[in-house]
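Results of the structural survey
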Amino acid sequence: MKTFTKKILPYLITSLLVIGFWKMWTWTDNYAWNPIGKELLMLDIALTSIFFYKTIFWLVTANLTVFGLMQLRKKKFKTAGIVIALTLSYHFTVGQVIDKKCAFHYYSVFHNQSVAEGYIARPIEEAGYEIGEILTEKIVDKEMKYRRYAILGLQKIDYQPATELMGQILFDNSELEIYRADAYETLKTFDNEKSNKLLGEFRKQANDTTENKVVELGEYFYENREK
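Here goes a summary of the coordinates provided. (Residues numbered from 1 in each chain as written. Predicted model: local features only at pLDDT ≥ 70, side-chain atom pairs only at ≥ 80, totals over all residues. Heavy atoms only, no water.)

1. Concerning helix H2 (residues 39-73)
Filter applied, for reference: Think of it this way: any DSSP run of H or I at least four residues long counts as a helix, any run of E at least two long counts as a strand, and we number them from the N terminus. Take the residue count of a helix, subtract one, and multiply by 1.5 Å to get its expected span.
For H2, spanning 35 residues, the distance from its first C-alpha to its last is 49 Å, which sits close to the expected 51 Å at 1.5 Å a residue. Phi for Lys75, located one or two positions after H2, is positive at around 65 degrees.

Written as structure tokens, this is what we have:
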């Protein structure tokens, strides 16, 4: 009995740590400081889904890692090598699937959260690259909640497929100056061939007070953005 307990103890501890971490990380109160209406319910649903996907994924990754390390400790190098290779393969292939599964739920958190300004973009950073497609679709709506932070989020995850959309916002005279400046900053942050071409064209044709203000604001945002 003692031998069996000793064998499973590392996996038990690892599993408890993983579950505890994701339980705290997806705690609704982290994102619901002043919920209104159905926000709390929507956050609960989204965060429960994220907890489910992330916990299962990391339970497998963490326990495979522990198993591999134990094989190394026993000097079973061939077995350890196979386990480590399988773990890495699982982590990167299944990890992408999990990120895609969680992207919509992280967007729901972003949309329904009620936190201080400095934390609004956090769900986007936690979601990573896979939320970019959703944000790009939603940003088209000029009435989108937290639209500025969605644009900022695209910068943080370096979602360069949004380059064309940022160009559209930048050149759209019906957009507010602040959004156009955000788009300018995002394009400059992307720093790819298409974004640099769009910025060059805009600066070249900027011949009125509004467009010059957009350039000034965009440059100011870029120089003072969070690193």
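2. Focus on the nonpolar core
We apply this condition: As used in this record, nonpolar core signifies buried Ala, Val, Leu, Ile, Met, Phe, Trp, Tyr and Cys residues forming a set joined through side-chain atoms within 4.5 Å. Throughout, exposure labels follow a simple rule: accessible area from a 1.4 Å probe, protein chains only, divided by the maximum for the residue type, with under 20% read as buried, over 50% as exposed, and the rest as partly exposed. Between two residues, a contact is recorded if the distance between any of their heavy atoms is within 4.5 Å.
Counting 49 residues, the largest nonpolar core has Phe110, Ile131, Leu135, Ile139, Met166, Ile169 and Leu170 as the members making the most contacts within it. Considering each element in turn, this core owes the most residues, eight residues, to helix H3 (residues 77-112). Residues within four places of Phe110 in sequence aside, it is in contact with Ile120, Pro123, Ile124, Leu135, Met144, Lys145, Tyr146, Tyr149 and Ala150.

3. Some words on unusual backbone geometry
The backbone of Lys75 sits at a positive phi, close to 65 degrees, despite the residue not being glycine. Not every positive phi belongs to a glycine, and Asp191 is a case in point at roughly 50 degrees. One can find Asp191 in the loop between helix H8 (177-190) and helix H9 (193-205). On the accessibility criterion, Asp191 (53% relative accessible area) is exposed.

4. Some details on the packing of aromatic side chains
Inclusion rule: Pairing of aromatic rings covers Phe, Tyr and Trp, the last counted by its six-membered ring, and requires centre-to-centre distances within 6.5 Å; plane angles under 30 degrees mean stacked, over 60 mean edge-to-face, and any other angle means tilted. By the criterion adopted, a ring carries a charge over it if an Arg CZ or a Lys NZ lies within 6 Å of its centre and within 35 degrees of its normal.
Tallied over the full model, the rule gives twelve aromatic pairs. With a centroid separation of 5.2 Å and 90 degrees between ring planes, the pair formed by Phe21 and Trp22 is classed as edge-to-face. Its relative accessible area of 38% is what places Phe21 among the partly exposed residues. Judged by centre distance (5.5 Å) and plane angle (15 degrees), the ring pair of Phe21 and Trp25 falls under stacked. One end of the pair is Phe21 and the other is Trp25, both in helix H1 (residues 2-25) and four residues apart, which spans about a single turn. Aromatic rings pair up to connect Tyr107, Phe110, Tyr146 and Tyr149 into one cluster. Against the face of Phe51 rests Lys23, its NZ or CZ located 5.2 Å from the ring centre. The ring of Tyr179 has Arg147 sitting right over it, with the charged end atom 4.8 Å from the ring centre.

5. Here's the deal with H8
Between its terminal C-alpha atoms H8 stretches 20 Å, which fits the 20 Å expected from 14 residues at 1.5 Å a residue. Across the 14 residues of H8, ten count as buried, placing the element largely inside the fold. For H8, every residue scored as buried is listed here: Tyr179, Arg180, Ala181, Asp182, Ala183, Tyr184, Glu185, Thr186, Leu187 and Phe190. Elements that come into contact with the buried residues of H8 comprise helix H6 (147-156), helix H7 (163-171), H9 and helix H10 (209-224). Looking at the residues trailing H8, positive phi occurs at Asp191, about 50 degrees.

6. Topic: the pattern of salt bridges
The test is simple: Put simply, a salt bridge is a Lys or Arg side-chain nitrogen that is within 4 Å of an Asp or Glu carboxyl oxygen.
Within this structure, the stated rule accounts for eight salt bridges. For Asp99, the salt bridge identified is with Lys54, shortest N-O distance 3.2 Å. Residue Asp99 is located in helix H3, and its partner Lys54 is located in helix H2; the two are separated by 45 residues in the primary sequence. A relative accessible area of 8% means that Lys54 is categorised as buried. Put simply, Lys213 and Glu177 hold a salt bridge, and the shortest N to O gap is 3.9 Å.

7. Re the environment of Gly128
Tracing the sequence through the fold places Gly128 in the loop between helix H4 (122-127) and helix H5 (132-139). It is 9.2 Å that separates the C-alpha atoms of Gly128 and Gly153, two residues lying 25 residues apart in sequence.

8. As for the side chain of Thr26
For the record, the criterion: We call two N or O atoms a polar contact when they sit within 3.5 Å, provided that within protein one can donate a hydrogen and the other can accept it, with sequence-adjacent residues counted only if both atoms are side-chain atoms.
Mapped onto the secondary structure, Thr26 falls in the loop between H1 and H2. In terms of polar contacts, Thr26 uses its side chain to reach the backbone carbonyl oxygen of Trp22, at 2.5 Å.

9. Some words on the packing of H3 against H5
The criterion, for reference: Every angle, taken between N-to-C directions, lies between 0 and 180 degrees, and every axis is a line fitted to C-alpha atoms, over only the stretch in contact when it is a helix. Working definition: roughly parallel below 35 degrees, roughly antiparallel above 145 degrees, roughly perpendicular at 65 to 115 degrees, and oblique for all remaining angles. Residue polarity is assigned by list, with Asp, Glu, Lys and Arg as charged and Ala, Val, Leu, Ile, Met, Phe, Trp, Tyr, Cys and Pro as nonpolar; anything else, Gly included, falls into the polar class.
It is the contact of H3 with H5, at a shortest axis distance of 9 Å, that shows an interaxial angle of 50 degrees. Taken together, H3 and H5 sit at an angle that is classed as oblique. For the pair H3 and H5, the contacting residues are Ala103, Phe104, Tyr107 and Phe110 in the first and Ile134, Leu135 and Lys138 in the second. Broken down by class, the residue content of the contact of H3 with H5 amounts to six nonpolar, no polar and one charged.

Everything listed here is a matter of geometry and, on its own, says nothing about what the molecule does.
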